[in-house]
Amino acid sequence: MKRRTIYRHKLLPYLLLAPQLAVTLVFFFWPAGQAIYQSVLIQDPFGLRTQFVWLENFQIVLTNPVYLESVRVTIIFSTAVTLLAMAPALLLAVMADQVVRGASGYRTLIVWPYAIAPAVAAVLWLFIFHPSIGQIGQGLRTLGIPWDYRINGDQALLLVIFVSAWKQVSYNFLFFLAGLQSMPKTILEAASIDGASPRRRFWMIVFPLLSPTTFFLLVVNIIYAFFDTFGVIHALTQGGPGRSTTTMMYRVYRDGVINLDLGGSSAQSVILMTAVIILTVVQFKYIERRVHY
Amino acid sequence: MVREAEFDWSTHMLPYYDDVPNAPLNSIIGGASFWVMTAPDRTDAEYAAVAEFFNFISTIENARRWHVESGFLPIRFGVFEELEAEGFYEENPGADIPYLQLTRAEPTENSRGLRLGNMPEIRNIIQEEFELAIQGQQTAQQALDNAVQRGNVVLRAFERANR
């Protein structure tokens with residue numbers, strides 16, 4: 001029999017949901033609708049002159065080599081950030097799970113980066129990796145490595161990937177740790193009695209049982225890499241030397257807020273939203289089938 | 001800088017290639033400006049007030065105070081001559097260089113200033129192409145050609161949006 005919470009007043013559940021629904025309506029549906037509306041118009045920056053142009057904005061955007069370059073950067077960036085954020089988190093979670101003394105201390109320290117605002121994290125690592133005022137930045141240069149992410153596009157992308165991934169490791173770590181700690185000990189004990197080595201136990205039992213967590217984190221990390229990394233990119237490289245760290249999200253900002261090309265950037269917004277929705281749907285349809293529950 | 005700098009420094013005019021015809025020219029002005037926007041129900045009194053305000057900030061005393069206290073350029077003629085006569089520029093060497101550079105020559109069509117549609121976007125394009133050239137990914141000529149080509153697309157888009 002399913003347990004249900006029964007509210008005495010009929011209206012109460014709706015009232016309790018109302019604030020969150022209001023926030024979602026005002027801060028997601030309204031701007032999304034506005035973006036879809038503006039993406040079929042060509043306007044001047046003040047909105048005084050408006051022309052209806054059907055899908056021409058989309059056509060202009062999708063045939064623009066600069067935009068296609070940002071798509072390429074986004075794919076590289078998101079893949080790298082997701083991998084680099086999830087693998088160390090899993091490793092740390094496995095190690096933290098086995099620690100007996102000072103466990104809560106390790107957990108607190110590993111979770112700290114998640115509490116930092118993205119722009120603050122970016123400035124923090126800027127002060128470490130800056131070629132003239134950063135310890136590691138200066139160190140690399142004295143070793144003879146030509147480290148200067150302000151003029152080298154690949155180095156800028158590397159730095160931005162690293163900082164974005166570093167911020168997200170804590171979040172993944174928390175979920176992996178929770179998943180590991182809710183693992184049924186009986187199966188693992190049975191496996192070790194049967195003579196399975198720790199490595200085999202991990203890859204054949206623990207990892208598949210962690211798959212719901214891994215799948216969830218995959219979805220969340222990809223969305224993070226697409227959208228929430230704007231702060232890091234803006235604070236560190238502003239799109240990078242010569243467009244090398246301009247992701248699709250940053251391109252939307254550059255075209256919408258700075259260049260005031262409202263139609264073009266709304267079209268890019270709609271494309272980005274569609275891309276992430278499709279990605280998430282694909283993940284749910286195909287990868288969820290392989291998840292053990 | 002006069003107060004705090006612990007090193008020797010001085011101000012000079014921008015260098016130029018003397019084999020370019022008409023060199024040296026004036027430098028191009030930049031910075032903020034006032035734009036008056038209208039609305040459907042502006043009264044004559046409001047327009048008069050706007051004119052009054054502009055007259056106020058462009059009086060010689062106000063322009064002079066702005067220039068002396070902030071170091072920015074005076075926004076009208078007359079201030080420079082007055083301060084020069086008073087010896088202000090001997091006491092503050094280098095404060096006259098920006099003015100002298102702006103008035104160095106009679107402006108040509110191109111050196112009169114930049115008024116381009118979607119100027120922030122074009123400026124960013126130029127900077128991007130410049131950065132790519134510094135990285136070694138393209139030559140200076142390619143950078144300029146790309147900037148011209150992309151800038152023209154932006155200008156056409158501006159023309160279309162504001163028709």
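For the structure itself, consult the block above.
Heads up: these notes are all about the structure in this document. All values reported here derive from a predicted model rather than from experimental measurement. Each residue is numbered by its place in its chain's sequence as written, counting from 1. As they are written, the chains are lettered A onward and the ligands numbered 1 onward, keeping that order. Only residues with pLDDT of 70 or above have their local features reported here, since the model is predicted, and side-chain atom pairs are shown and tallied only from 80 upward, although totals for entire chains, interfaces and linings are computed over all residues. Based on all heavy atoms of the structure, the side-chain values leave hydrogens and waters out of the count.

## Quick look at the overall build of chain A
- Numbering of helices and strands runs from the N terminus, with a helix taken as a DSSP run of H or I at least four residues long and a strand as a DSSP run of E at least two residues long. Helix and strand counts for chain A stand at 13 helices and two strands.
- Each principal axis of the C-alpha atoms in chain A carries an extent, and together these give about 75 × 70 × 35 Å.
- By the convention used here, residues are in contact when the closest approach between their heavy atoms is within 4.5 Å. For chain A, restricting intrachain contacts to residue pairs at least 6 apart in sequence, the fraction spanning at least 24 positions comes to 67%.
- Per-residue and other accessible areas were derived by the Shrake-Rupley procedure at a 1.4 Å probe size, with only the shown protein chains allowed to occlude residues. Surface summary for chain A: the accessible area is close to 17400 Å², and the carbon and sulfur share equals 69%.
- Positive residues here are Lys and Arg, negative ones are Asp and Glu, while His and the chain termini are left out of the count. To locate a charge, take atom NZ for lysine, CZ for arginine, CG for aspartate or CD for glutamate. The distance from the centre of the 22 positive side-chain charges to the centre of the 12 negative ones in chain A is 11 Å.

## With respect to the nonpolar core
Residues and elements named next belong to chain A.
- Buried residues of nine kinds, namely Ala, Val, Leu, Ile, Met, Phe, Trp, Tyr and Cys, make up a nonpolar core once their side-chain atoms join them within 4.5 Å. Residue burial is assigned from relative accessible area. The probe radius is 1.4 Å, only protein chains are included, and a residue is buried under 20% of its type maximum, exposed over 50%, and partly exposed in between. Counting residues in each nonpolar core, the largest one holds 22 residues, and the members touching the most others are Phe77, Val81, Tyr149, Leu159, Ile161, Val163 and Leu236.
- Breaking this core down by element, the ones donating at least two residues are helix H3 (65–98), helix H5 (118–129), helix H7 (153–181), helix H10 (211–228) and helix H11 (230–236).
- Counting residues per element, this core draws most heavily on H7, at six residues.
- Residues contacting isoleucine 161, with those up to four places away along its chain left out, are Phe77, Ala80, Val81 and Leu84.
- Counting 21 residues, the second largest nonpolar core, distinct from the first, contains Ile110, Phe176, Leu188 and Phe202.

## Some words on the interface of chain A and chain B
- On the side of chain B, 16 residues touch chain A, which itself brings 21 residues to the contact.
- A combined buried area of about 1500 Å² lies between chain A and chain B, and 43% of that area is made up of carbon and sulfur atoms.
- Throughout this description, the term salt bridge denotes a Lys or Arg side-chain nitrogen within 4 Å of a carboxyl oxygen of Asp or Glu. The interface formed by chain A and chain B contains four salt bridges.
- Put simply, Arg254(A) and Glu128(B) hold a salt bridge, and the shortest N to O gap is 3.3 Å. In short, buried area is how much 1.4 Å probe accessible area vanishes from two parts on joining, totalled over both.

## Looking at the layout of surface pockets
- Both site types are read off a 1 Å grid over the protein atoms alone. A 1.4 Å probe that fits but cannot get out defines a cavity, while an open set with protein on both sides within 12 Å along at least five of seven lines defines a pocket; lining residues have an atom within 4 Å of a point. Grid points are joined across faces, edges and corners, and a volume is the space filled by probe spheres set on the points. Estimated volume of the second largest pocket: approximately 960 Å³.
- Ile60(A), Asn64(A), Glu121(B), Val153(B) and Val154(B) are the residues nearest the centre of the second largest pocket, which is lined by 41 residues in total.
- Considering every element that reaches the lining of the second largest pocket, the biggest residue donor is helix H7 (residues 140–161) of chain B, with 10 residues.
- Residue type decides the class: Asp, Glu, Lys and Arg count as charged, Ala, Val, Leu, Ile, Met, Phe, Trp, Tyr, Cys and Pro as nonpolar, and the leftover types, Gly among them, as polar. Split by residue class, the lining of the second largest pocket holds 15 nonpolar, 13 polar and 13 charged.

## What about the environment of Thr142(A)?
Residue and element names in this part refer to chain A.
- Turning to its location among the elements, threonine 142 is positioned in helix H6 (residues 135–142).
- On the accessibility criterion, threonine 142 (70% relative accessible area) is exposed.
- A 3.5 Å cut-off defines polar contacts: any pair of N or O atoms within that distance qualifies, except that in protein one atom must be a possible hydrogen donor and the other a possible acceptor, and neighbouring residues in sequence count only when both atoms are side-chain atoms. Within polar-contact distance, the side chain of threonine 142 engages the backbone oxygen of glycine 139 at 2.8 Å.

## So, the pattern of salt bridges
- Inspection of every chain in the model, using the stated rule, returns 14 salt bridges over all chains.
- Arg160(B) is paired through a salt bridge with Glu56(A); the nearest N and O atoms lie 2.7 Å apart. Taken together, the residues span two chains, with Arg160(B) in helix H7 and Glu56(A) in helix H2 (residues 56–62).
- The partly exposed category is assigned to Arg160(B), whose relative accessible area is 22%.

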